[in-house]
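Remarks on the overall topology
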Amino acid sequence: MKRFSKFGEKLCGGSGIEELMDDLGHALAQGGDHMHMLGGGQPSMIPEVNTIFREALDGVMSSEGALEAMLGKYDPPRGNPRFIEALTVMFREQLDWDVKKENIAITSGGQTAFFFLFNALAGLHHDGTRKKIVLPLVPEYIGYANQSVGEDMFVAFPPKIEKIGDHQFKYRIDFDRLVIDEDVAAICVSRPTNPTGNVITDNEIAKLLAIAKSHDIPLIIDNAYGAPFPNIFFADAEPLWDSSMILTMSLSKVGLPGTRTGIVVAPPKIASAMASMNAIVGLANSNVGQVLTEPLIRSGKLMELSKHVVKPFYLAKSLRAQEWVKAYFPDDIPYRVHLSEGALFLWIWFEGLPISSKALYERLKQRNVLVVSGAYFFFGLDDTDWKHQHECIRMTYTMDAEIVESGVQIIADEIAAIYRNA
Ligand SMILES: Cc1ncc(COP(=O)(O)O)c(C=O)c1O
């Protein structure tokens, strides 16, 4: 074979997300006790949650035919009908959303849902136009960045930065700069946002939805961390679905990333497009997460668990990590932590950082602390000179307390040395 196709060149030659997952995976495997793994999006092992999943699996093992159905049958391409039905009941009864089974499709994880959605909506159209996905606020989830099978598809807009006190900040959508023209196929945000922990406000969402409707394009909300599960959502804001919107969810962050279960709630045409793509790409999805959680969704247990165990667990972890940052970072260093309103990360901005965030990542790696350079999350931007994009890091706070605390101490030490020697 001489070379890959154009599609192959795009998807087979590595990517930011592959480097990141590979780096983190190997570090986890080899790092032993001395590696401070503050890099990936790995959810915590929460004992109460794992107990429930263990019991659910016991239930599958002991009920006649259930294990055989889980492991031995192909589901329809749209997803497991009983799982989809349980979801519609949950959406209608718990959230008062008018969701029907035609609105839902299951995918092999949220990541796959985005690959399908972006490529089905954006890229080359019949009339010769090349449609784009607008990210109204970057930094945004790195996993979107390399998903186009054709030309680059993202157009992104930098946010307004609201400084809060001496050491906090929040990004806000800069509606004065946001341009939606006829080449835009959809608007997309993650909420809560990976990497920042931002929750785009209800007001911002209402404005985006109005803009999307006025252009007859979908607003895609990536709800991987949101309500009703896993509910790693600390802000005073509401989850939302509207019949013109596309909402994606996942079982990953509630503790089942190994089952690869994504949920797309969308207009019927989009949901059935997901089913068609499932059939072509993989025939069907894995049944495991769907069969395991269907009774937990029906009984309301998964939502109760998310509300009363998962959310308080991560909120406490976030608050502790912020306390350590406050305790160990020298007060005279111009650092700011983004308001932690959800998701699994602290996003730290070092204003005027004398080296790039990639160089900072390398220096921290030398000291056995793995974070992620913030630069990865600023894609689709025109303005490559914007210094801010090289001044931030993402730090995951889901690991054991001692690891997070000593990781923060090392970051503080390194940062202090960098600013002092500048
Ligand atoms: C914002 C966001 N969306 C989607 C995903 C994809 O997750 P999964 O494919 O495990 O559902 C992730 C994973 O970290 C994420 O952070």
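This text follows the structure it describes.
An account of the accompanying structure is given in this report.

1. Regarding the site of the ligand
With respect to spatial proximity, 13 residues lie near the ligand, and among them G110, D222, Y225, S250 and S252 are the closest. One nitrogen or oxygen atom from the main chain of Q111 is found 2.9 Å from an oxygen atom belonging to the ligand. D222 places a polar side-chain atom, nitrogen or oxygen, 2.5 Å from a nitrogen atom of the ligand. Computed on the free molecule, the ligand has an accessible area of 400 Å², of which 92% lies beneath the protein chains in the complex. By residue class, the composition of the shell around the ligand is 3 nonpolar, 7 polar and 3 charged.

2. Re the pairing of strand 16 (residues 392-396)
In summary, the side chains of a regular strand alternate between the two faces of the sheet. For strand 16, the buried fraction is high: 5 of the 5 residues fall into the buried class. The side-chain alternation of strand 16 yields two buried faces, one formed by C392, R394 and T396 and the other by I393 and M395. The pairing of strand 13 (residues 345-350) with strand 16 spans 5 bridges and is classified as antiparallel. What sits directly across from F345, in strand 16, is T396. With 2 bridges joining them, strand 15 (residues 372-373) and strand 16 adopt antiparallel strand pairing. Residue pairing across strands places V372 opposite R394, the latter belonging to strand 16.

3. Structural notes on a nonpolar patch on the surface
Taken together, the side chains of F7, L11 and V149 present a nonpolar region at the surface, about 220 Å² in accessible area. Looking at where L11 falls in the secondary structure, it is placed in helix 1 (residues 6-11). Given the relative accessible area of 32%, L11 is considered partly exposed.

4. Focus: the packing of helix 10 (residues 301-328) against helix 12 (residues 401-420)
Put simply, helix 10 and helix 12 touch, their axes get as near as 9 Å, and they point 30° apart. Taken together, the axis directions place helix 10 and helix 12 in an arrangement best described as roughly parallel. Pair helix 10 / helix 12 crosses with right-handed handedness. Between helix 10 and helix 12, the contacting residues are K317, R320, A321, W324, V325 and Y328 on the first element and A401, V404, E405, V408, Q409 and A412 on the second. Considered class by class, the residues forming the contact of helix 10 with helix 12 number 8 nonpolar, 1 polar and 3 charged.

5. Some remarks on the nonpolar core
Counting residues in each nonpolar core, the largest one holds 136 residues, and the members touching the most others are L87, F229, I348, F350, M395 and I411. Not counting residues up to four positions away in its chain, the partners in contact with F350 are F329, P334, Y335, L360, E391, I393, I411, I415 and Y419.

6. Examining the packing of aromatic side chains
Pairs of aromatic rings are described using the distance from one ring centre to the other and the angle between the two planes. Here the structure, examined in full by the defined rule, presents 17 aromatic pairs. An angle of 20° between the planes, with centres 6.1 Å apart, marks the rings of F329 and F350 as stacked. Taken together, the positions of F329 in the loop between helix 10 and strand 12 (335-338) and F350 in strand 13 put the pair 21 residues apart, joining distant regions of the chain. By relative accessible area, F329 is classed as buried at 3%.

7. Considerations on the pattern of salt bridges
Counted by the stated rule, this structure contains 17 salt bridges. Residue K100 is joined to D98 by a salt bridge in which the shortest nitrogen-to-oxygen separation is 3.5 Å. Note that E294 and R298 form a salt bridge whose closest N and O atoms lie 2.4 Å from each other. Taken together, the residues span about one helical turn, with E294 and R298 both in helix 9 (residues 288-298) at a distance of 4 residues. Using a relative accessible area of 10% as the deciding quantity, one classes E294 as buried.

8. Considering the environment of G197
Take G197: it is sitting in the loop between strand 8 (184-190) and helix 7 (202-214). Sequence separation between G197 and A343 is 146 residues, and the spatial gap between their C-alpha atoms is 5.3 Å.

About the cut-offs
Residues numbered from 1 in each chain as written. Predicted model: local features only at pLDDT ≥ 70, side-chain atom pairs only at ≥ 80, totals over all residues. Heavy atoms only, no water. Near = heavy atom within 4 Å. Polar contact = N/O pair within 3.5 Å; in protein donor to acceptor, adjacent residues only side chain to side chain. Areas by Shrake-Rupley, 256 points an atom, 1.4 Å probe, with all protein chains shown as cover. Nonpolar A, V, L, I, M, F, W, Y, C, P; charged D, E, K, R; others polar. Buried < 20%, exposed > 50% of the residue type's maximum accessible area, 1.4 Å probe, protein only. Helix = DSSP H or I, 4+ residues; strand = E, 2+ residues; numbered from the N terminus. Pairing = 2+ DSSP bridges. Patch = residues over 30% accessible without salt bridge, like charges linked within 9 Å, V, L, I, M, F, W, Y side chains within 5 Å. Salt bridge = Lys/Arg side-chain N within 4 Å of Asp/Glu carboxyl O. Axes fitted to C-alpha atoms, helices over the stretch in contact; angles between N-to-C directions. Parallel < 35°, antiparallel > 145°, perpendicular 65-115°, else oblique. Left-handed = near helix turned anticlockwise from the far one by under 90°. Contact = heavy atoms within 4.5 Å. Core = buried A, V, L, I, M, F, W, Y, C linked by side-chain atoms within 4.5 Å. Phe/Tyr/Trp six-rings, centres within 6.5 Å; stacked < 30°, edge-to-face > 60°.

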